[in-house]
Amino acid sequence: MKLSSSIRQLGIRQRVLILALLPMLMITFTLSAYMINSRLNSERENLFLNSQTLLNYLATGAELGMFSRNETTLKLLAKAPLQRSEISDVIFIDTKGEVVYRSTDISIPEQSLPLTPSPSNTVPQTLGQLWLLRAPVLVSGDSIDDFPEPLDTAETIAEPEVIGRVILLINEDDLKQTQQGILFRGLLITLIGLSLTIWLALAIGRSITHPIQGIIETIHRLGQEDLDARIAVKNKGEIGELEKGINNLADKVQRTRLRLQDQVDEATRGLWLTMERLERKNIALDRAKKHAEQANQSKDQFLARMSHELRTPLTSVMGFIQLLQKTTLNKEQKEYSSIVSRTSTLLLSLIDDILDFSKLQSDAISIEKIPFNLEECIEDTLAMQAAAANEKGLNLYFISDPKLPERILGDPTRIRQIISNLVSNAVKFTASGNVTVTLECSQQHSSVALKLSVKDTGIGIDADKMSLLFKPFTQADSSITRRFGGTGLGLVITKHLVELMGGNILLNSQNGRGTQVDINFCFEFEPQTKPAVNLPDSKVLVFSRSKEALMEIGNALAKWNLTIIPVSTQRQLLKQLKTMGRHLDTVVVDLPNASLQQHYQRLLLKSIRHRYSGRLIMILPKEALLSNSDKQCLPLPASIKLLPRPLSRPQLLEALLETNLVNTELATTGNQKACSQSLQNLNVLVAEDNDFNRLLLRKILEQAGANLTLAINGEQALAHAREKRFDCILMDVHMPLMDGIEASCKIRQLPAPFNQPPILALTANVIANEELKLKQAGVDTTLFKPINESIVISHIQKAAKITVRSTTEDESVKPRLSDYGISDRALHSELNSQIVAIHRAYQNKDVTAMRDHSHQLMGLAGLLDLVELEAATNAFNHAVKTTTGKEIWQSLWRLKRVIAAAGQ
């Protein structure tokens, strides 16, 4: 394989040379080596044979000389052999090893002259540069007596007698010269043969490679688009045919190239015309895109403006309706106020849906990743839906997986929005029965996979209409809008938010049998830093006729490792109390049906108390709980704890851990307010440019127990943040010198720990772009006006991670200045000072001053919920930004009239 691969990498010229040279070189070298070796061996054999013949002649002729020890005879016998150049010495030795005659004095070892003849003595022995041949001198047996005696038969057959030895010393000088001559002539002949072979191979190679090289050069020129290149046809046979074929192919390529060039030129002309038309269309499309973007921006601004304009009076309506409901009303008036309250709530929900949908369409919503408690998030959402559910007699259940981590990383605001949409839909379309929220989880290393299910027993949806539910402004049936209301955006917004979080949503429903919505999420979670509650030695008996309630309470208790004994009938309850009442630590009784008569409640409580006198926790719908408290129909000893539904796990745990049980649900509103608004000596920085707004915020936060540091602009806020670490920063967005966005961004750039306090932005602007800028600057939460003290304090508590009990105070009631020692005269004085400053700036044509004072006036109106003043200030601010002259003057006079009317 390697040889074949190496050959394939060679060119034709190299292959031809190898094909021609290799066999011929091998044959030449083989023959030359054979001939030279044969000649050399022949010369050596001839020398040996001649020397052996001469040796035999000397051995035969030396018989008489050796017998008579006649040196003269031996000398004459050795004279002739010594004439030959290869004979160096002739030695005659007798049987005793004594030298009889020696022709020269060449030194040789004595052991080289053996006396005993043997067959091996005929083999040449090498002594350096000499060869040593030896042969025995034998007695021939001829009689030299005159009268020979006859010999016996035994004597006649005796072997000849050895009388000495003849030794020849032969040198190799002539042999080497002869061999050198043979070798030289052989190499010369080989070299001549190699030269002829190489010349012949080169000639053959040139005859093949030169035409091929010409073909390659021509093809290379054709590859470089020299289509006029041709091969001169000088060969015949296959190579000549190849040259002709390539020339023909070049002719065809040249003709095709010319034809294609004409076609390309024609297509290019058409393409240029098309590009000119497309360019004109692109210019038109770009103009249309700019118009569309401007229209979309105008739409966002319009939605934000209309939302603000609608929210402000609507909040006032809702607040005054709630105040009205607290007064003495007859039945008819209560019904009317209730209708107005529900309608206002529905209208506010519609406004929120439209705004969220607009933000999703413009990709203005970003998902946060902060740690939060998912169970508390879901329980808070269910608590907000409890009033609507209780009004229809529905039971809200939350079945949580005991393995759920304490805190996960995600966006709690959007999670609340998702659950609120799903639960509110379930409550809206369910006339009776239950709405159950189920949470399942499975941990995977540092992440947790969650499955959130919301199931109701409502009207259900036909299978062929479920696909319409995720289209905006669409509902499964046109009659639903007339019966229940709504924009059809709830599920659309929910689906978008779920997908933004990397999850998916699945809807299952049957007409008349209810609906179930399943959402799958995956979140990272924080390792638990504090030890979990562990009550392994406590036994709890749980009674409820609802299997959902048993699962809800059972899962909550299982998280704390309690021993749970569930029962679903009154008979089982009383039987368990009778048999093991002394061994129980707590009995939990769930009464989900709000329509249960109080007489039954008293009888059940009496039966339980007859058998069990320990800790008793009763879970009732909130309306039933408050009704019992008002009428005092239930005896409430210290060992009984009443909890409202929907169930709160922290309250349940608190009830299990309390030693002196008290009915905290029936505590006074004043105590709740004091608890919910306690800021526990927090250090709070307030940045507000308007003196009156700053005074009002100072009064609100100081009464809540906060330690305040005040700043009138962003620069002062930044300077205070450099010097002191705050628990929370309340930052107005629009301020002179340095606004809230820039100040927040620079605070986040400070070194730790001065860059870590949570920042709450306060603004009346709800445009998505500004909200996005606030998030990018490091603002944790944006509070939109109108707001009240409860909202401000609750957000500060959440930002500072203060655990407080929930409050029942109405969060839509605007601040009452008298509660904080601020008189109406001070308010009117502030309003007059602002309008005087605006009028002075108008006379001086100082647009910047007019905008700054109008921002302060706008913030003051939004904070105190002065609807007409806020509308007039917005109109003036818009006129200052977009118009000149008459329109600004008209807006200013309108603003003056509104402030004058407010002072009367």
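Definitions and limits used
Here the residue index of a chain counts from 1 through its sequence in written order. Reporting in this predicted model follows two pLDDT cut-offs: at least 70 for local features of residues, and 80 or more for side-chain atom pairs to be given and counted; totals over whole chains, interfaces and linings ignore these cut-offs and use all residues. Just so you know, side-chain values use all the structure's heavy atoms and leave hydrogens and water out. Think of it in three bands: residues with accessible area under 20% of the maximum for their type are buried, residues over 50% are exposed, and the middle band is partly exposed, with areas taken using a 1.4 Å probe on protein chains only. Secondary structure elements follow DSSP: runs of H or I of four or more residues count as helices, runs of E of two or more count as strands, with numbering from the N terminus. DSSP calls a pair of strands paired once it identifies at least 2 bridges connecting them. For helices, the axis comes from a line fit to the C-alpha atoms of the stretch in contact; other axes are also lines fit to C-alpha atoms, and the angle between any two N-to-C directions lies between 0 and 180 degrees. The criterion for an aromatic pair is that two Phe, Tyr or Trp rings (for Trp, the six-membered ring) have centres within 6.5 Å, with stacked assigned to planes under 30 degrees apart, edge-to-face to planes over 60 apart and tilted to the rest. Salt bridges are defined as contacts in which a side-chain nitrogen from Lys or Arg sits within 4 Å of a carboxyl oxygen from Asp or Glu. Here, nonpolar core refers to any group of buried Ala, Val, Leu, Ile, Met, Phe, Trp, Tyr and Cys residues whose side-chain atoms link them within 4.5 Å. Any two residues whose heavy atoms approach within 4.5 Å are treated as being in contact. Take the number of residues in a helix, subtract one, and multiply by 1.5 Å to get its expected span. Consider a residue and the seven residues that end there alongside the seven that start there; fitting an axis to each set, the bend is the angle between those axes. For patch building, the residue pool is restricted to those with more than 30% relative accessible area and no salt bridge; the joining distance is 9 Å between like charges and 5 Å between nonpolar side chains (Val, Leu, Ile, Met, Phe, Trp, Tyr). Using a 1.4 Å probe, the Shrake-Rupley method yields the accessible areas, and only the shown protein chains count as cover for residues. Note on convention: the crossing is left-handed when the near helix lies turned anticlockwise from the far helix by less than a right angle, right-handed when the turn is clockwise. When residues are grouped by polarity, Ala, Val, Leu, Ile, Met, Phe, Trp, Tyr, Cys and Pro land in nonpolar, Asp, Glu, Lys and Arg in charged, and all others, Gly among them, in polar.

Engineer: Is there a simple way to explain the pairing of strand S5 (residues 162–171) in this structure?
Structural biologist: For a regular strand, side chains alternate in direction, first toward one face of the sheet and then toward the other. Counted residue by residue, S5 has 9 buried out of 10 residues, so it is predominantly covered. When strand S1 (residues 87–94) meets S5, the two strands line up antiparallel, connected through 7 bridges. Looking across to S5, one finds that Ile-93 is bridged to Arg-165. Bridge count between strand S4 (residues 130–138) and S5: 9 bridges; the pairing is antiparallel. Each bridged residue has a counterpart across the sheet, and for Val-137 the counterpart in S5 is Gly-164.

Engineer: Quick question: what am I supposed to make of the sheet that holds strand S16 (residues 615–621) here?
Structural biologist: Two strands in a sheet stick together by hydrogen bonds in their backbones, pointing the same way (parallel) or opposite ways (antiparallel). Pairing within the open sheet is parallel, and its 5 strands lie in the order S14-S13-S15-S16-S17. Each edge of the open sheet is held by one strand with a lone partner, namely strand S14 (563–567) and strand S17 (640–645). Within this sheet the neighbouring strands show an average axis-to-axis angle of 20°, counted without direction. Pairing analysis gives 5 bridges linking strand S15 (residues 586–590) to S16, with the strands arranged parallel. Across the sheet, the residue bridging to Val-588 is Ile-617, located in S16.

Engineer: Would you explain the packing of aromatic side chains in this entry?
Structural biologist: Counted by the stated rule, this structure contains 2 aromatic pairs. Seen from their ring centres, Phe-92 and Tyr-101 are 6.3 Å apart, and the 40° between their planes marks the pair as tilted. Residue Phe-92 shares its accessibility class with Tyr-101, and that shared class is buried.

Engineer: Would you mind going over the environment of Leu-74 with me for this structure?
Structural biologist: In this structure, Leu-74 sits in helix H4 (residues 71–82). Overall, the relative accessible area of 0% leaves Leu-74 in the buried class. With 16 residues separating them along the chain, Leu-74 and Leu-58 place their C-alpha atoms 9.0 Å apart.

Engineer: Mind showing me how you'd approach the pattern of salt bridges here?
Structural biologist: One pass over the full model with this rule turns up 17 salt bridges. Asp-286 is the salt-bridge partner of Lys-290, the closest N and O atoms lying 3.7 Å from each other. Here Lys-290 pairs with Asp-286, and both are found in helix H7 (residues 237–325), just 4 residues apart, close to one helical turn. Between Lys-495 and Glu-499 there is a salt bridge, with its nearest N and O atoms 2.5 Å apart. With Lys-495 and Glu-499 both in helix H12 (residues 490–500), this residue pair falls 4 residues apart, about one helical turn. Among the residues examined, Lys-495 registers a relative accessible area of 27% and is labelled partly exposed.

Engineer: How do you make sense of the nonpolar core when you look at a structure like this?
Structural biologist: Note on soluble globular proteins: their nonpolar side chains tend to be buried together. In this structure, Leu-374, Ile-378, Ile-415, Leu-450, Ile-519 and Phe-521 are the most contacted members of the largest nonpolar core, which totals 39 residues. If you tally residues by element for this core, the top one is helix H10 (residues 412–428), at 7 residues. When sequence neighbours within four positions are dropped, the list of residues in contact with Ile-519 reads Ile-418, Leu-422, Leu-450, Lys-451, Leu-452, Thr-494, Val-498, Asn-504 and Ile-505. Formed by 24 residues, the second largest nonpolar core is a distinct cluster that contains Leu-47, Leu-77, Ile-163 and Ile-170.

Engineer: Whenever I open this one, the sheet that holds strand S2 (residues 99–102) confuses me. Can you help?
Structural biologist: Reading across from one edge, S2-S1-S5-S4-S3 is the order of the 5 strands in this open sheet, with antiparallel pairing throughout. Two strands in the sheet have a free side with no partner beyond their single neighbour: S2 and strand S3 (125–127). Going across the sheet, the axis of each strand differs from the next one's by a mean of 25°, ignoring polarity. Both S3 and S4 contribute to a ladder of 3 bridges, which runs antiparallel. If you follow Leu-127 over to S4, its bridge partner there is Leu-130.

Engineer: Mind showing me how you'd approach the pairing of S1 here?
Structural biologist: Most of S1 is tucked away, with 8 of its 8 residues classed as buried. Pairing geometry for S1 and S2, over 3 bridges, is antiparallel. Its bridge partner lying in S2, Phe-92 is registered against Tyr-101. Between S1 and S2, which pair antiparallel one after the other, the connecting turn spans 4 residues, and Gly-97 there sits at a positive phi close to 85°.

Engineer: Honestly, unusual backbone geometry in this entry has me stumped. Any pointers?
Structural biologist: As a rule of thumb, non-glycine residues mostly have phi less than zero, and peptide bonds are mostly trans rather than cis. The omega angle of the peptide bond from Arg-645 to Pro-646 is 10°, so this bond is cis rather than trans. Inspection of the secondary structure assignment puts Pro-646 in the loop between S17 and helix H17 (649–657). Between Ala-752 and Pro-753 the backbone carries a cis peptide bond, its omega angle lying at 5°. You can see Pro-753 is positioned in the loop between helix H21 (740–748) and strand S21 (759–763).

Engineer: I would appreciate a short explanation of helix H6 (residues 173–223) in the present structure.
Structural biologist: The terminal C-alpha atoms of H6, which comprises 51 residues, lie 70 Å apart, in line with the 75 Å expected from a rise of 1.5 Å per residue. Along H6, the helix axis deviates most sharply at Arg-206, where the bend reaches about 30°. A positive phi of about 65° marks Glu-225, the residue just after H6.

Engineer: What's the story with H10 in this structure? I'm lost.
Structural biologist: Since the α-helix advances by 3.6 residues per turn, residues separated by three or four positions end up pointing in the same direction. Along its 17 residues, H10 runs 23 Å from first to last C-alpha, staying within 8% of the 24 Å computed at 1.5 Å per residue. Counting buried residues in H10 gives 13 out of 17 residues, a clear majority hidden from the surface.

Engineer: So what exactly am I meant to see when it comes to the side chain of Asn-395 here?
Structural biologist: Positionally, Asn-395 belongs in strand S7 (residues 395–400). With relative accessibility at 12%, the residue Asn-395 sits in the buried group.

Engineer: How should I be thinking about a nonpolar patch on the surface in this particular structure?
Structural biologist: On the surface, a cluster of nonpolar side chains totalling about 420 Å² of accessible area is made up of Phe-184, Leu-188, Ile-192 and Leu-196. Taking relative accessible area as the criterion, Leu-188 reaches 41% and is therefore assigned partly exposed.

Engineer: Got a minute to help me understand the packing of helix H13 (residues 547–558) against H17 in this structure?
Structural biologist: Helix packing geometry: the angle between the two helix axes and the distance between the axes. For the pair H13 and H17, interaxial distance at closest approach is 11 Å and the crossing angle is 65°. The handedness of the crossing between H13 and H17 comes out as right-handed. Judged by residue contacts, Glu-552, Ala-556 and Leu-557 of H13 engage Arg-649, Leu-652 and Leu-656 from H17. Taken together, the residues of the contact of H13 with H17 sort by class into 4 nonpolar, no polar and 2 charged.

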